[in-house]
There are 2 protein chains.
Amino acid sequence: MGEEGSALVERMLAGDRVALARLMTLAENRAPGLPALMRAVYPRTGRASVVGITGPPGAGKSTLTDRVTAALRAQGRRVGIVAVDPSSPFSGGAVLGDRIRMQGHFLDPGVFIRSLSTRGAHGGVPRATRDLVRLLDAFGMDDILVETVGVGQTELDVMRLAHTVVVVLVPEAGDAVQVMKAGLLEIAHVLVVNKADREGAARLEAELAQMLHLRPAGGWTVPVLRTQATSGAGVAALVDVLAARRAFVAADAERPARERAEREAELLDVLGEELRARLGRALAAGGDGVRALVEDVRSGTTDPYSAALRLLDDPAELARLVGGGAR
Amino acid sequence: MGEEGSALVERMLAGDRVALARLMTLAENRAPGLPALMRAVYPRTGRASVVGITGPPGAGKSTLTDRVTAALRAQGRRVGIVAVDPSSPFSGGAVLGDRIRMQGHFLDPGVFIRSLSTRGAHGGVPRATRDLVRLLDAFGMDDILVETVGVGQTELDVMRLAHTVVVVLVPEAGDAVQVMKAGLLEIAHVLVVNKADREGAARLEAELAQMLHLRPAGGWTVPVLRTQATSGAGVAALVDVLAARRAFVAADAERPARERAEREAELLDVLGEELRARLGRALAAGGDGVRALVEDVRSGTTDPYSAALRLLDDPAELARLVGGGAR
């Protein structure tokens, strides 16, 4: 970590929002030197409650996040928001349209909103999200809401960061079987039937309640709530459930064992990502040893597996590459 | 690669379906020694046409895949199918229910169907899918259909493997804006409005056609087709489009440059994954050098970033760990 990175962390911890935003950009870009920055941030983390909000596109997650944020602010709680968007030059506009609704909170110093573009992240989205959450945690936010747009494997992985997962559904999203197909029911701590004034809400609620009976118990009873995010109906009950869930998580006897396992897994994650980044820089720089090999792979003379195995069978060369790629 | 792995590859290339299935299991489990197996398979690949089929849960993708398979078989083409499922002990049954419809093809030696569980793959799903596709390609399949259940970042990454991406939508999945939100429109080479007898099909088709006008041109005109997978209506037109697309891809002047970049990216992918796997085995085995460090991380005495940086700053130790984790 350079002088500059160290100063950024100091300023962020002192409450500087510009420094926070710059650190978030470094995390989003998986910048060189990031592990050293996160090492400096880490001791200040672990206090915030992390709430994941997921569900099919069009379920009204952004509006609900907006309402929940307002309710938490009314309780004096500071709120960080990370919106995980599969944004793109083409569809970016539509996604940003949603974010505009959140701008009522932009002038509130107790709220910090950040979109994380998933474009080109190649499996790095859960790690980038984790770092953004850590930064908001260290910044002093009480609640951190992580909202995903899609419903797929990456989004399920992102939700594993959360203490509490809220799955938002709407009647017209189809029957509850589709929810099971997407693997959403299994990760939910709270189920929300949004747009509850629409036809089919009662049926969806009943189906969900029935499916929950099949679920293995874990000490926490998963409630099914009805909301209308646009009018705010049902939001107070949801915020009450979030408070109950915080109390449950704080008292959960299984938490220490889980955290031990998570810390060990994270060591491997950090190592794996950093090694890959250093190798990527070394291959791109193309020093003496690897230039010919990389060109052979590009041209198809050597296949990628053969080339990788040749490097892996030469630990000294590998160490040189990894060392040379460090900053 | 052990004697056994080498023999498996030989048997698979000779047409042994049991050997193919065993190799697929090794790929799904990211088994040690996999890169050496894939190195042996690689020279026999590159002939198949890879078609991705994605869209929201409930759009009827499995039924459509089934119908397209039957139509391709009627043309004498051999078909491999990879179904990427976020399966789980809890929801697995529902997903498998879909697969049962495909069993009409199970006795056909010209078809091979494989589900890939995404559970616990942590960013490894696109790589595992790529390996399954390669195995089917080497086995001699003419067309390989890759179907995803979810719509999220991982699913978008999986679709990057395909020469042709078919996005399947249904009228009730909501308006076309939701499709854009999930990043689907941008990756589509063919748009299918399935369940086209339902209300709203014409409106969805019109919205999609309009949005396509905004898309940057790439030499290929994206058609919007209507199907009813359950009756088979529109499937013949879809299969014709797939043939046109194969001809387009074969003649595409940008293909060599793209393949150069893909091969280079894959070198880094293979290296990164294998290094991580070897490190994981070394940390789990916990030899002299790392046992104390890993325990410090588990207990929280040392944070994961500090521990990772300590190992990264010692290339000799790192080389020892990576070498020791090899098989």
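Because the structure is a prediction, the values reported are computed rather than measured.

About the thresholds
- Residues numbered from 1 in each chain as written.
- Chains lettered and ligands numbered in written order.
- Predicted model: local features only at pLDDT ≥ 70, side-chain atom pairs only at ≥ 80, totals over all residues.
- Helix = DSSP H or I, 4+ residues; strand = E, 2+ residues; numbered from the N terminus.
- Buried ≥ 20, exposed ≤ 12 C-beta atoms within 10 Å, placed from the backbone.
- Contact = placed C-beta atoms within 7 Å.
- Least-squares fit on C-alpha atoms with pLDDT ≥ 70 in both.
- Nonpolar A, V, L, I, M, F, W, Y, C, P; charged D, E, K, R; others polar.
- Pairing = 2+ DSSP bridges.
- Axes fitted to C-alpha atoms, helices over the stretch in contact; angles between N-to-C directions.
- Domains from an automatic or database assignment.
- Arc of directions from axis to C-beta.
- Left-handed = near helix turned anticlockwise from the far one by under 90°.
- Expected span 1.5 Å × (residues − 1).

Asks: How should the overall build of chain A be read in this particular structure?
Replies: Counting its regular elements, chain A contains 15 helices and 7 strands. Out of the 327 residues in chain A, the part that is buried amounts to 49%. Taking contacts inside chain A between residues at least 6 apart in sequence as the whole, the part at least 24 apart equals 76%.

Asks: Could you clarify how one ought to interpret the relation of the copies chain B and chain A in this entry?
Replies: Once chain B has been moved 0.0 Å along the axis and rotated by 180°, it coincides with chain A to within an RMSD of 0.0 Å. On the angle and the small slide along the axis, the relation comes out as a two-fold axis.

Asks: Sorry, what's going on with the interface of chain B and chain A here?
Replies: It is common to give the size of an interface as the accessible area that goes away when the parts come together. Taken together, the contacts link 73 residues of chain B with 73 residues of chain A. Per element, the largest residue contribution to the side of chain B that touches chain A is 15 residues, and it comes from helix H12 (residues 255-285) of chain B. Residue composition of the side of chain B that touches chain A, by class: 40 nonpolar, 18 polar and 15 charged.

Asks: Explanation requested: the sheet that holds strand E7 (residues 224-226) of chain A in the structure shown.
Replies: Each strand in a sheet pairs with another by means of backbone hydrogen bonds, the pair being arranged parallel or else antiparallel. All names here are of chain A. What the 7 strands build is an open sheet, ordered E3-E2-E4-E1-E5-E6-E7; its pairing is parallel. Pairing within the sheet leaves two strands with one partner each, and these edge strands are strand E3 (111-117) and E7. The sheet shows a mean angle of 20° between the axes of neighbouring strands, taken without regard to direction. Seen against the sheet, helix H11 (residues 235-251) touches strand E1 (49-54), strand E5 (164-169), strand E6 (190-193) and E7 and runs at an angle of roughly 150° to E7.

Asks: Just checking my understanding: could you explain the domain arrangement of chain A for this structure?
Replies: The domain architecture assigned to chain A consists of domain 1 (1-44), domain 2 (47-252) and domain 3 (259-324). The C-alpha centroid of domain 3 of chain A is placed 26 Å from the C-alpha centroid of domain 1 of chain A.

Asks: What am I meant to see in the sheet that holds strand E5 (residues 164-169) of chain B here?
Replies: All names here are of chain B. Judged by pairing direction, the sheet is parallel, and its 7 strands sit side by side in the order E3-E2-E4-E1-E5-E6-E7 without closing on themselves. Each of the sheet's edge strands pairs with one partner strand only, and the pair in question is strand E3 (111-117) and strand E7 (224-226). Across this sheet, the average inter-strand angle for adjacent strands is 20°, counted without regard to direction. For strand E6 (residues 190-193) and E7, the ladder comprises 3 bridges, and the chain directions are parallel. Bridge assignment links Val193 to a residue of E7, and that residue is Arg226.

Asks: Is there a simple way to think about the pairing of E6(B) in this case?
Replies: One face of the sheet, then the other: side chains in a regular strand alternate in exactly this way. Residues and elements named next belong to chain B. Alternating positions in E6 separate into two faces, Val190 and Val192 on one and Leu191 and Val193 on the other, with burial throughout. Across 4 bridges, E5 lies against E6 in parallel orientation. Across the sheet, residue Leu169 finds its bridge partner in E6, namely Val193.

Asks: Any chance you could explain helix H13 (residues 288-299) of chain A here in plain terms?
Replies: Each α-helix turn comprises 3.6 residues. Residues three or four places apart therefore point the same way. All names here are of chain A. Listed as buried for H13 are Val290, Leu293 and Val297. All buried residues of H13 fall inside an arc of 65° around its axis, so they share one side. Summarising the geometry of H13, the exposed residues directed more than 90 degrees from the buried face are Asp288, Arg291, Ala292 and Ser299. Phi turns positive, to about 90°, at Gly300, one or two residues after H13.

Asks: How do you make sense of the packing of helix H12 (residues 255-285) of chain A against H12(B) when you look at a structure like this?
Replies: How two helices sit against one another is set out by the angle between their axes and by the gap between those axes. Running from N to C, H12(A) and H12(B) cross one another at 145°; their axes reach a closest spacing of 9 Å. For the crossing formed where H12(A) meets H12(B), the hand is right-handed. From H12(A), Leu267(A), Leu268(A), Leu271(A), Gly272(A), Leu275(A), Arg276(A), Leu279(A), Gly280(A) and Leu283(A) reach across to H12(B), where they touch Leu267(B), Leu268(B), Leu271(B), Gly272(B), Leu275(B), Arg276(B), Leu279(B), Gly280(B) and Leu283(B). The residue makeup of the contact of H12(A) with H12(B), split by class, is 12 nonpolar, 4 polar and 2 charged.

Asks: What exactly am I supposed to notice about helix H11 (residues 235-251) of chain B here?
Replies: Here H11(B) spans 25 Å end to end across 17 residues, near enough to the 24 Å set by a 1.5 Å rise per residue. Buried-residue contacts for H11(B) involve strand E1 (49-54), helix H4 (61-74), E5, E6 and E7 of chain B.

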